Amino acid sequence: MPVLELKDIAKQYNKRVWGVQGMSLDVEDKEFIVFLGPSGCGKTTCMRMIAGLEETTRGSIILQGKDITDLPPRDRGISMVFQNYAIWPHMTVYDNIAFALKLKKLPSSEIKSRVEEVADMVKIGTMLSRFPGQMSGGQQQRVALARALAVRPKLFLMDEPLSNLDAKLRVIMRTELKAIHQRTEATSIFVTHDQSEAMSMADRIVIMKDGEIVQVGTPEDVYFRSADIFVAGFIGTPPTNFFYVDVKKENGCTILDHEFFKAELGKEDSDRLSGYEEIVLGVRPEDFILNKEGNGILKSQVLVVEPQGAHQVVALEVEGNIIKTLVPSDHSLRPGDNISFDFDMRHLHFFDKQTEKRIS
Amino acid sequence: MGSIRRGVFRSVRKTTLYIVVAGIAMALIFPMFFLFTFSLMSDYESYSEWPKPLLPRIKVEFRLTPIESVDGSYKMEIWNNSEKGFTPFGPEENTRANKSLRKLSNFIRNYSNCFISEKELSEIMDSVDQNGAETFILKKKVFNNYTRFFTLYSGAAQSVLNSLATAAMTVFLSLSIGGLAGYAFARYIFKGKNVLKLSVLFVRMFPPVAIALPMVIILGKIGLYDKPVGLSLIYSVNQVSLSIWITASVFMGIPESLEEASQVFGASKIGAFFRITLPLAVPGLAACAMYSFIYSWNEVINALILTQFNPTFPVVVYRSLLGANAQVHLIAAGSVAQALPAIIFTLFIRKYILQMWGGVKV
């Protein structure tokens, strides 16, 4: 039985604009769910509805079998980490963490041991008597985390908690958050617009766009079996490259026909595309395979080379569109060089040109 | 060599700056200092000595000499600082008669703020009889003017209470009504918010005197004329709007997520306000309280029109200025007494105000 059930929840602002429209989701016990989407897609609104900070216009939220849709935030058994930390500047770290426990009227010895336990977990055990103003952003983030952990919630919500940290700290905190999750096994929902954060942390990713769920799946699902053009273009750096191609039959084989290239498909893909005449072909940057002989499927010239260490991002211009490919660093390439690629035929993505949905 | 010249130039610039700053500070502080000094001077110092000393005297020198022609009578003299000598002081002839002694003692008290009993006077006369003229020094009672102000102008003490009551009610009204409205302006979106916010300011555009007459009639009808409550209501009209603007910006500066966090962690909506927002808003509210207090404490014109037998303290000071028996040193004492509470109140909440201006962080 799922811990959290969202049943067709929706949010409308000012009786006009829909923030979230009809979202349904089951979250299993101990799962780490990430809401991912561009800004304004409704992911934070959705989280705030679960927390009770935003009223739901429609639908119901069920936590451990109990309908919490109309309960005030404090009665929901949920804890939350805010984007700007939202720790209280007039209280010490200890008081911040102990706030909820004191309101629950726990015995003070119990409060003390719990505060110390979570403070050690997030490595701020020595700073309990400080005020937040005397701490760095990263440390404040840890206080917010400790405060949320101390209440041992049924559900743990995190609203872009890492977005205010610098790049290096963000990667460190990512790992620590995941370790903490594995240790506490708290069911968690994490909101982010950073797809690499989502990929590295999530058990399942919920990709949202314009207030609706586009795809729910494991990181592998959304990466290798993207539900539509939006997901394929959103997940992965650099994103998927798209080509508008015609599907043609030549000598019994299915051919993808583009102004710049022709690609012959295998049996399985041919069956999938039967009945389609025009499709959108999606090719991930790493699925371009450099053809050293220069007689690959796609021939073009190097526009820009971006070294990344182990590999380099090579940008080409095809039909006025920039195509980004990943090439190992041992090939030295310069702008203007002629270059030729084959496609990794196992990982091609096909999308319907009208509906933009994946053809499977 | 260049570095030395630069050093000299820098110190010259610094010195000039300090002189200018000190000059401005002097110009600001000196009138207050003079007023305070004046309030400590006796009648004799105020009216019979020129130039005025920067510091008031603490001790006064007197001389008692026998009058040769009339047996058993004495002449009293006081040291005059501007003439550098003794000048006649009090009745021309003083005798040992009880009536004469009391007259002399009262005169010394009223005009030099020194206290000497009739018995002590007659003892001095004894020693004058034996040794001839004698000079003696009396300690001046420095704050005597203040006591005298409050005894001379009847109702002054009651008027201080009236003023305090008015100020307290004004602070309470403007903080409670203004603070809540400010919170609403800061946190909620509602129709006509901007119009309302501007109209709140609109109230302040009327000069209080312009609406004083209708106010007298209205207050009279509801039975609050000549009462601190009525006066504080009038002051609140002005102060609430100011408080709304100050507190709205204070509450806007406190992130809403702090309240939301406390709601998630177990507080009710009202609890979140009292546990989180209110403590964080204290510096701003203190500044607000200060403005209301000082306004209501110092206000004269409305108080003059809206009170009759229960005036506030500024009205009493104002009336003392007008009176036929105006005594400058006493009025100075009244003025200082008038300024003091506002200064004390400001010093008392100084910490919070500095906090609001970013002096100290929480």
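Residues numbered from 1 in each chain as written. Chains lettered and ligands numbered in written order. Predicted model: local features only at pLDDT ≥ 70, side-chain atom pairs only at ≥ 80, totals over all residues. Heavy atoms only, no water.

## Quick word on the domain arrangement of chain B
Residues and elements named next belong to chain B.
Argument step 1. Parsing chain B into structural domains produces domain 1 (2-39), domain 2 (47-142) and domain 3 (149-356).
Argument step 2. Listed per partner, the contact involves 5 residues of domain 1 and 5 residues of domain 2.
Argument step 3. The contact between domain 1 and domain 2 buries some 370 Å² in all, and 80% of this surface belongs to carbon and sulfur atoms.
Argument step 4. Taken as a group, F33, F34 and T37 account for 74% of the area that domain 1 buries against domain 2, more than any other trio of residues on that side.
Argument step 5. In this assembly, domain 1 and domain 2 are joined by 0 salt bridges.
Argument step 6. Taken together, the links from domain 1 to domain 2 amount to 1 residue pair in polar contact (both at pLDDT 80 or more). (Domains from an automatic or database assignment. Contact = heavy atoms within 4.5 Å. Buried area = accessible area lost by both parts, 1.4 Å probe. Salt bridge = Lys/Arg side-chain N within 4 Å of Asp/Glu carboxyl O. Polar contact = N/O pair within 3.5 Å; in protein donor to acceptor, adjacent residues only side chain to side chain.)

## Description of the sheet that holds strand β20 (residues 349-352) of chain A
Each strand in a sheet pairs with another by means of backbone hydrogen bonds, the pair being arranged parallel or else antiparallel.
All names here are of chain A.
Argument step 1. An order of β13-β12-β11-β14-β20 is seen for the 5 strands of this open sheet, with the pairing classed as antiparallel. At either margin of the open sheet sits one strand with a lone partner, and together these are β13 (262-264) and β20. Strand-to-strand twist in this sheet, taken as the mean axis angle between neighbours without regard to direction, amounts to 40°.
Argument step 2. Across 6 bridges, the pairing between strand β11 (residues 241-250) and strand β14 (residues 278-283) is antiparallel. Residue pairing across strands places V245 opposite I279, the latter belonging to β14. (Pairing = 2+ DSSP bridges. Helix = DSSP H or I, 4+ residues; strand = E, 2+ residues; numbered from the N terminus. Axes fitted to C-alpha atoms, helices over the stretch in contact; angles between N-to-C directions.)

## Brief notes about the sheet that holds strand β4 (residues 58-63) of chain A
Residue and element names in this part refer to chain A.
Argument step 1. In space, the 4 strands of this open sheet follow the order β2-β1-β4-β5, with antiparallel pairing throughout. Both outer strands of the open sheet, β2 (17-27) and β5 (66-67), are each paired with one neighbouring strand and no more.
Argument step 2. The pairing of strand β1 (residues 4-13) with β4 spans 5 bridges and is antiparallel. What sits directly across from L4, in β4, is L63.
Argument step 3. Across the sheet, helix α1 (residues 43-51) lies against β1, β2 and β4, angled at about 115° from β1, the strand it touches most.

## As for the interface of chain A and chain B
Many structure descriptions define interface size as the accessible area lost when the parts assemble.
Argument step 1. The interface of chain A with chain B comprises 21 residues on the first partner and 17 residues on the second.
Argument step 2. Between chain A and chain B the total buried area reaches about 1800 Å² when both faces are included, carbon and sulfur atoms providing 71% of it.
Argument step 3. Viewed at the interface, chain B and chain A are joined by 1 salt bridge.
Argument step 4. We note a salt bridge from A:R48 to B:E260, for which the minimum N-O separation is 2.8 Å.
Argument step 5. Linking chain A with chain B are 5 residue pairs in polar contact (both at pLDDT 80 or more), by the criterion used here.
Argument step 6. Every element with two or more residues in the side of chain A that touches chain B is listed here: β6 (78-81), α2 (93-103) and α4 (137-150) of chain A.
Argument step 7. Each residue belonging to the side of chain A that touches chain B can be placed in one class, and the counts come to 15 nonpolar, 3 polar and 3 charged. (Nonpolar A, V, L, I, M, F, W, Y, C, P; charged D, E, K, R; others polar.)

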